[in-house]
Amino acid sequence: KNEVEQSPQNLTAQEGEFITINCSYSVGISALHWLQQHPGGGIVSLFMLSSGKKKHGRLIATINIQEKHSSLHITASHPRDSAVYICAVTTGNQFYFGTGTSLTVIP
Amino acid sequence: KAGVTQTPRYLIKTRGQQVTLSCSPISGHRSVSWYQQTPGQGLQFLFEYFSETQRNKGNFPGRFSGRQFSNSRSEMNVSTLELGDSALYLCASSLVFGGEQFFGPGTRLTVL
């Protein structure tokens, strides 16, 4: 049983397209994180949120606590957005990770 | 501020050996968490240290252990290595457990 489910697993988009990655979780959480991992392994935290919506540049993250669901949106996608996007949740004492969404943006 | 550093970056060991990995957090961060990433299991939480105490632990066997020093630097030890321990080991620091995670570049361990 996976505490965090992500969809889609793989996503290919044309440059400029609007992209949505979804995350559902089954545990009570204190926060939800969206992470970005480029080839080579480095992981960067994009967002940490516990309610509502956050925006950084072309990236938007939303969370619905009642439905236990979060979405990551990328507007006007660019080839440099190609990476694996990972959803993670923290409970009081655990971290659970989704399996990631591999995004490829084609010029 | 300097980022999170991990040493060594690459390591090759044989089954049965033990290994120690090191992580230096961002200055001022007292929480250090360790993660294992494999192609099959993805990212998994190993444990978290805060102020030299292990406060949270994932579902890994006792062969995986760690410690944290007074300067918040942390080490992770794996004893009696198995082939399945081959993975990318990442550490991340934050102000508190569950807070925004700042990841190091990782140590890629290969067990032969």
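Everything below is about the structure printed above this text.
These numbers come from a predicted model, not from an experiment.

With 16 residues of chain B at the contact, the number on the chain A side is 16 residues. Between chain B and chain A, the buried area comes to about 1300 Å², and carbon and sulfur atoms account for 62% of it. Contact with chain A buries area across many residues of chain B, yet L43, F97 and F103 of chain B alone supply 34% of it, more than any other trio. Run the count over chain B and chain A and you get zero salt bridges. Seen at the junction of chain B and chain A, the total is three residue pairs in polar contact (both at pLDDT 80 or more). Where the side of chain B that touches chain A is concerned, the elements lending two or more residues are β4 (31-38), β5 (42-50), β6 (53-57) and β9 (87-94) of chain B.

Moving on to the environment of G99 of chain B. Structurally, the position occupied by G99 of chain B is in the loop between β9 and β10 (102-103). Taking relative accessible area as the criterion, G99 of chain B reaches 8% and is therefore assigned buried. Considering only alpha carbons, one finds G99 of chain B and S31 of chain B, 68 residues apart in sequence, at a separation of 9.1 Å. Once residues within four sequence positions are removed from consideration, G99 of chain B is found in contact with H33 and M48 of chain A together with S94 of chain B.

What counts, and where the lines are drawn
Residues numbered from 1 in each chain as written. Chains lettered and ligands numbered in written order. Predicted model: local features only at pLDDT ≥ 70, side-chain atom pairs only at ≥ 80, totals over all residues. Heavy atoms only, no water. Contact = heavy atoms within 4.5 Å. Buried area = accessible area lost by both parts, 1.4 Å probe. Salt bridge = Lys/Arg side-chain N within 4 Å of Asp/Glu carboxyl O. Polar contact = N/O pair within 3.5 Å; in protein donor to acceptor, adjacent residues only side chain to side chain. Helix = DSSP H or I, 4+ residues; strand = E, 2+ residues; numbered from the N terminus. Buried < 20%, exposed > 50% of the residue type's maximum accessible area, 1.4 Å probe, protein only.

Interpretation note: all reported values are geometric properties and have no functional meaning in isolation.
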